Amino acid sequence: MPSSASLFTRAQQLIPGGVNSPVRAFRSVGGAPFFTRSARGATLTTVDGRELIDFVCTWGPAIHGHNHPRIRAAIAAALEHGTSFGTPNPYEVEMAELIVKFFPSIRKVRMCNSGTEATMSAIRLARGFTQRDKIIKFAGCYHGHSDSLLIKAGSGALTHGHPDSAGIPAAFARETVVLPYNDPAAIAAAFAANPGQIACIILEPYIGNIGFIKPDAGYLQYVREACTTHGALLIFDEVMTGFRQARGGVQELEKITPDLTCLGKIIGGGLPVGAFGGRADVMDYLAPLGPVYQAGTLSGNPLALAAGIASLQMLEELNPYAKLDALGRQVVTAALAAATAKGLPLQAPQTGSMFSLFFTPTPVRDMPTALASDAKLFGKFFHACLAGGVYLPPSAYEAWFLSTAHEGAAIDRACEVIASAIKSL
Ligand code: KE4
């Protein structure tokens, strides 16, 4: 098996930056990425034979750990019948029924192939339904890489210093109003300045793409009421938090009813899947019923949905959220204790199996306070953990994830490595 170094040399000849998604390139933490040979449970095995405890979990989908036998078996069973039909298939009905069961706000749902497609389609649907052009998003929130949303975006865009990507026409950018997160007055001002023009507000109800950031108490309720008052649709981007924070996502925890919800990651069980859904009167604006077009060759793919259905069925049976929250608390408690002993300022926001560490004395509640954290020190911390056999997201502006497979030896070992990495800074 070629080494990571030789694979990366070859990859860089043929693939921009040697990666198929920028955040994987290690450019903000320094060094060169490893290549993964296999994954199982809480562990990645690199082509160089290293075993790493994984806190990226393929950016969210692997909530049951990697390569779970039940998901593998579901894919194998579906494979017996073929890989793609291009016609309706039974898996699509089963997946829709599972999503609607756990998300009361979703009365109808359309499957697609990524979170980007889900949010891009939801925006188009909101514009078509309201016949308004402008949208509101929040600085640092990342909703995938469609033109209307790659403006003051988080995740890899922020990591690589391009929150406003090149290649987006000014005419497009003008239709996207970007506001500071956790600032109700900014929302009121935006609606006042754009009366009758705002089609929707889209937000990550718990942010995972500037690192993990939660809304101030009452903020989500404020956003909901502002949308209702001004005739704009509320879109919850739960691509990351759907089935991650609870089976019904953040909207279950916070008891907020959005008009549309975007999903992805976990609902694909590790294969490419996205979905968007919500009010039936809005969803029925979609072709073939209504005037808003949206489509996809592999949307509803039987293998991908078989994997996602198995993943959701396990969540339905296990309801592992208290366990996942205890594991998340174990990690942040160990990190905070080490930082206190070292006299190092550290913020460690955590809910359930999403959390992140910010090297800053200031509580992080939006993009500016996240950017005020010490990203350089995070890079040193990242490599100290990697040397100890623990793989963190290679960016100071990403949420960490863990799975049910982390319980026991993996989490205990990881906490030791994270604590000693902090003490080594
Ligand atoms: P995808 O198109 O990458 O499937 O989903 C886009 C997306 C939409 N909404 C939210 C809240 C998301 O977090 C994402 C994608 N998340 C990033 C991780 N922060 C994907 C990792 C990557 O870009 O490689």
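Residues numbered from 1 in each chain as written. Predicted model: local features only at pLDDT ≥ 70, side-chain atom pairs only at ≥ 80, totals over all residues. Heavy atoms only, no water.

A word on the sheet that holds strand β11 (residues 350-351)
Link 1 in the chain: Read across the sheet, three strands follow the order β11-β12-β14 without closing on themselves; strand pairing throughout is antiparallel. Edge positions in the open sheet fall to β11 and β14 (400-401), since each of these has one partner strand only.
Link 2 in the chain: Of the pairings in the sheet, the one linking β11 to strand β12 (residues 354-355) comprises two bridges and is antiparallel in character. Residue Thr-351 lies in a different strand from β12, and its bridge partner there is Met-354. (Pairing = 2+ DSSP bridges. Helix = DSSP H or I, 4+ residues; strand = E, 2+ residues; numbered from the N terminus.)

Side note on the layout of surface pockets
It is a probe the size of a water molecule, rolled over the atoms, that shows where empty space is left.
Link 1 in the chain: A volume near 390 Å³ is recorded for the second largest pocket.
Link 2 in the chain: Thr-87, Pro-88, Glu-92, Ser-299 and Gly-300 are the residues nearest the centre of the second largest pocket, which is lined by 21 residues in total.
Link 3 in the chain: When contributions to the lining of the second largest pocket are tallied by element, the ones reaching two or more residues are α3 (90-102) and β4 (108-112). (1 Å grid on protein atoms, 1.4 Å probe; cavity = no way out; pocket = protein on both sides within 12 Å on 5 of 7 lines; lining within 4 Å. Points joined across faces, edges and corners; volume = space filled by probe spheres on them.)

With respect to the packing of aromatic side chains
Link 1 in the chain: In the structure shown here, the tally under the stated rule is 19 aromatic pairs.
Link 2 in the chain: Relative to Tyr-391, the ring of Phe-26 lies with its centre 6.4 Å away and its plane at 25°, an arrangement referred to as stacked. Taken together, the residues Phe-26 in the loop between α1 (4-14) and β1 (36-40) and Tyr-391 in strand β13 (residues 390-391) connect sequence positions 365 residues apart.
Link 3 in the chain: Residue classification places Phe-26 among the buried positions, given a relative accessible area of 2%.
Link 4 in the chain: Look at Tyr-391 and you get buried, because its relative accessible area is 9%.
Link 5 in the chain: Between the aromatic rings of Phe-378 and Phe-381, the centroid separation amounts to 6.1 Å while the plane-to-plane angle is 65°, which identifies the pairing as edge-to-face. Of this pair, Phe-378 and Phe-381 both sit in helix α14 (residues 375-387), three residues apart, which is roughly one turn of the helix. Accessibility classification places Phe-378 together with Phe-381 in one group, the buried group. (Phe/Tyr/Trp six-rings, centres within 6.5 Å; stacked < 30°, edge-to-face > 60°. Buried < 20%, exposed > 50% of the residue type's maximum accessible area, 1.4 Å probe, protein only.)

What about unusual backbone geometry?
Link 1 in the chain: With an omega of 10°, the peptide bond between Ala-287 and Pro-288 qualifies as cis.
Link 2 in the chain: Within the secondary structure, Pro-288 sits in the loop between α10 (280-283) and α11 (302-318).
Link 3 in the chain: For Asn-67, which is not glycine, the phi torsion reads 55° and is therefore positive.
Link 4 in the chain: In this model, Lys-152 sits at a positive phi of 50°, which is unusual for a non-glycine residue.
Link 5 in the chain: Secondary-structure assignment places Lys-152 in the loop between β5 (134-138) and α5 (155-159).

With respect to the site of the ligand
Link 1 in the chain: Surveying the vicinity of the ligand reveals 17 residues, the closest of which are Ser-21, Thr-116, Asn-209, Asp-237 and Glu-398.
Link 2 in the chain: Here Thr-116 contributes a side-chain N or O atom positioned 2.7 Å from an oxygen atom of the ligand.
Link 3 in the chain: Between the ligand and the protein, one listed contact pairs a nitrogen atom with a side-chain N or O atom of Asp-237 at 2.7 Å.
Link 4 in the chain: Protein contacts shield 87% of the accessible area of the ligand, which totals 540 Å² for the unbound molecule.
Link 5 in the chain: By residue class, the composition of the shell around the ligand is five nonpolar, eight polar and four charged.
Link 6 in the chain: Both domains that furnish three or more residues to the shell around the ligand are identified here as domain 1 (4-63 + 320-423) and domain 2 (69-317). (Near = heavy atom within 4 Å. Polar contact = N/O pair within 3.5 Å; in protein donor to acceptor, adjacent residues only side chain to side chain. Areas by Shrake-Rupley, 256 points an atom, 1.4 Å probe, with all protein chains shown as cover. Nonpolar A, V, L, I, M, F, W, Y, C, P; charged D, E, K, R; others polar. Domains from an automatic or database assignment.)

Observations concerning the environment of Arg-10
Link 1 in the chain: Residue position: Arg-10 is located in helix α1.
Link 2 in the chain: Sequence separation of Arg-10 and Asp-164 is 154 residues, and the distance between their C-alpha atoms is 30 Å.

Let's talk about the domain arrangement of the chain
Link 1 in the chain: Considered domain by domain, the chain is made up of domain 1 (4-63 + 320-423) and domain 2 (69-317).
Link 2 in the chain: For domain 1 versus domain 2, the distance between C-alpha centres works out to 25 Å.
Link 3 in the chain: Roughly 2700 Å² is buried in total at the junction of domain 1 and domain 2, and carbon and sulfur atoms are behind 61% of that figure.
Link 4 in the chain: Taken together, the links from domain 1 to domain 2 amount to one salt bridge.
Link 5 in the chain: The shortest N-O distance in the salt bridge between Asp-216 and Arg-365 comes to 2.2 Å.
Link 6 in the chain: Remark: the boundary between domain 1 and domain 2 carries 15 residue pairs in polar contact (both at pLDDT 80 or more). (Buried area = accessible area lost by both parts, 1.4 Å probe. Salt bridge = Lys/Arg side-chain N within 4 Å of Asp/Glu carboxyl O.)

Looking at the pattern of salt bridges
Link 1 in the chain: The tally for this structure, following the rule as stated, stands at 13 salt bridges.
Link 2 in the chain: The salt bridge partner of Lys-152 is Asp-164, with a shortest N-O separation of 2.9 Å. Of the two residues, Lys-152 is situated in the loop between β5 and α5 and Asp-164 in the loop between α5 and α6 (170-174); the sequence distance between them amounts to 12 residues.
Link 3 in the chain: In this structure Lys-152 comes out as partly exposed when scored by relative accessible area, which is 34%.
Link 4 in the chain: One salt bridge in this structure joins Asp-325 and Arg-329, with 3.0 Å as the shortest N-O distance. Separated by four residues within a single helix, Asp-325 and Arg-329 lie in helix α12 (residues 321-342), roughly one turn from each other.

What about the packing of helix α2 (residues 69-79) against α11?
Link 1 in the chain: For the pair α2 and α11, interaxial distance at closest approach is 8 Å and the crossing angle is 145°. Where α2 crosses over α11, the two elements pack in a sense that is right-handed. Contact with α2, carried on its side by Arg-70, Ile-71, Ala-74, Ile-75, Ala-78 and Leu-79, involves Pro-302, Leu-303, Ala-306, Ala-307, Ala-310, Ser-311, Gln-313, Met-314 and Glu-317 of α11 and no other residues of that element.
Link 2 in the chain: Tallied by class, the residues present in the contact of α2 with α11 amount to 11 nonpolar, two polar and two charged. (Axes fitted to C-alpha atoms, helices over the stretch in contact; angles between N-to-C directions. Left-handed = near helix turned anticlockwise from the far one by under 90°. Contact = heavy atoms within 4.5 Å.)

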